[in-house]
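Next come the chains, spelled out residue by residue.
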Amino acid sequence: MAAENHCEFPVPPAGGLGAGGPCRRCSSAPLPGAGPGKWVRLNVGGTCFLTTRQTLCRDPKSFLFRLCQADPDLDSDKDETGAYLIDRDPTYFGPVLNYLRHGKLVINKDLAEEGVLEEAEFYNITSLIKLVKDKIRERDSKISQVPVKHVYRVLQCQEEELTQMVSTMSDGWKFEQLVSIGSSYNYGNEDQAEFLCVVSKELHNTPYGTTSEPSEKAKVSY
């Protein structure tokens, strides 16, 4: 079943009443004031985009430039309105098209830079690819510069439990300090020394700004 076209700009009816006519973006009728071949319709993943041939030809090495030149090597189908059919995500095509319009990279907060990079690479827009990669490096650099936080725990154990605790400790926990607190237990004829073990673990920041919680693996029962 073919994907349904979506558009947010229906033509208002005469007098301002009624449901209105077909969308100017998706209608196959010539646009008022548009010269022959000036405007180009794109159907990206079921969403219609209207732009100029000049905008799409900003990068002569791009897929969109070749599309406008009717490159015989491109298998470019059209829908019933004459719009070029492109099987890509329309959400991430928006930043790509806007970059070709004004030369600036604008990405909404709810979009991932990696998604825009994927589209820039598909359309082979080299300058946009560089911009998005720089933005990703800048984002990752800010995350890596956040000071690392540590969580500390103090564990009480007996001398005979030390070996077991060391062998079972995992998940990033490490010893910081071992403090003897004397011997208060007496098993048979031998005193059992007691210790306080100080352990720590790094808390890593996630890409969403939250902090990973430490596990309970370093706890011992006593």
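Keep in mind it's a predicted model, so treat the numbers as computed, not measured.

**Here we look at the confidence of the model for the protein chain**
Mean pLDDT over the protein chain: 75, with 67% of residues reaching 70 or higher. Within the protein chain, no element has a lower average pLDDT than strand β1 (residues 10-11), which sits at 45, and none a higher one than helix α4 (residues 113-123), at 96. Every residue in residues 1-5 is under pLDDT 50, and counting partners more than four places away or in other chains gives six contacts. Note that pLDDT drops below 50 for residues 207-211; the model gives that stretch six contacts with residues more than four away or on any other chain.

**Notes on the side chain of Thr-52**
Assignment of secondary structure puts Thr-52 in strand β4 (residues 47-52). A polar contact is formed between the side chain of Thr-52 and the side chain of Thr-55, at a distance of 2.9 Å. Excluding residues within four positions of it along the chain, Thr-52 makes contact with Lys-38, Trp-39 and Val-40.

**Digging into the nonpolar core**
One finds Leu-42, Leu-64, Leu-67, Ile-86, Phe-93 and Tyr-123 to be the most contacted residues of the largest nonpolar core, which totals 29 residues. Tallying contributions element by element places helix α3 (residues 90-102) first for this core, with six residues. Excluding its chain neighbours within four sequence positions, the residues that come into contact with Ile-86 are Leu-42, Asn-43, Val-44, Gly-45, Phe-63, Leu-64, Leu-67, Phe-122 and Tyr-123.

**Points about the sheet that holds strand β5 (residues 84-86)**
If you trace the three strands from one edge of the open sheet to the other, you get β4-β3-β5, paired in mixed fashion. The outermost strands of the open sheet, each flanked by one partner alone, are β4 and β5. With direction set aside, neighbouring strand axes in the sheet form an average angle of 30 degrees. Pairing of strand β3 (residues 39-44) with β4 involves six bridges; the strand directions are antiparallel. Residue Asn-43 lies in a different strand from β4, and its bridge partner there is Cys-48. Along the sheet, α3 contacts β3 and β4; its crossing angle with β4, the most-contacted strand, is approximately 5 degrees.

**Digging into α3**
Across its 13 residues, α3 extends 19 Å between first and last C-alpha, which sits within 8% of the 18 Å expected from 1.5 Å per residue. All of the buried residues along α3 are Tyr-92, Phe-93, Gly-94, Pro-95, Val-96, Leu-97, Tyr-99 and Leu-100. The residue sitting at the N-terminus of α3 and contributing the capping side-chain oxygen is Asp-89; that oxygen lies 2.9 Å from the backbone nitrogen of Thr-91. Backbone geometry just downstream of α3 places Gly-103 in the positive-phi region, at approximately 75 degrees.

**Focus on the packing of α3 against α4**
At a minimum axis distance of 9 Å, the contact between α3 and α4 shows a crossing angle of 70 degrees. With respect to their mutual orientation, α3 and α4 come out roughly perpendicular. When you trace α3 past α4, the crossing you get is right-handed. Between α3, through Tyr-92, Phe-93, Pro-95 and Val-96, and α4, the contact on the second element is made entirely by Gly-115, Val-116, Glu-119, Ala-120 and Tyr-123. When its residues are assigned to classes, the contact of α3 with α4 shows seven nonpolar, one polar and one charged.

Reading the values: the criteria
- Residues numbered from 1 in each chain as written.
- Predicted model: local features only at pLDDT ≥ 70, side-chain atom pairs only at ≥ 80, totals over all residues.
- Heavy atoms only, no water.
- pLDDT = per-residue confidence, 0-100.
- Helix = DSSP H or I, 4+ residues; strand = E, 2+ residues; numbered from the N terminus.
- Contact = heavy atoms within 4.5 Å.
- Polar contact = N/O pair within 3.5 Å; in protein donor to acceptor, adjacent residues only side chain to side chain.
- Core = buried A, V, L, I, M, F, W, Y, C linked by side-chain atoms within 4.5 Å.
- Buried < 20%, exposed > 50% of the residue type's maximum accessible area, 1.4 Å probe, protein only.
- Pairing = 2+ DSSP bridges.
- Axes fitted to C-alpha atoms, helices over the stretch in contact; angles between N-to-C directions.
- Expected span 1.5 Å × (residues − 1).
- Parallel < 35°, antiparallel > 145°, perpendicular 65-115°, else oblique.
- Left-handed = near helix turned anticlockwise from the far one by under 90°.
- Nonpolar A, V, L, I, M, F, W, Y, C, P; charged D, E, K, R; others polar.

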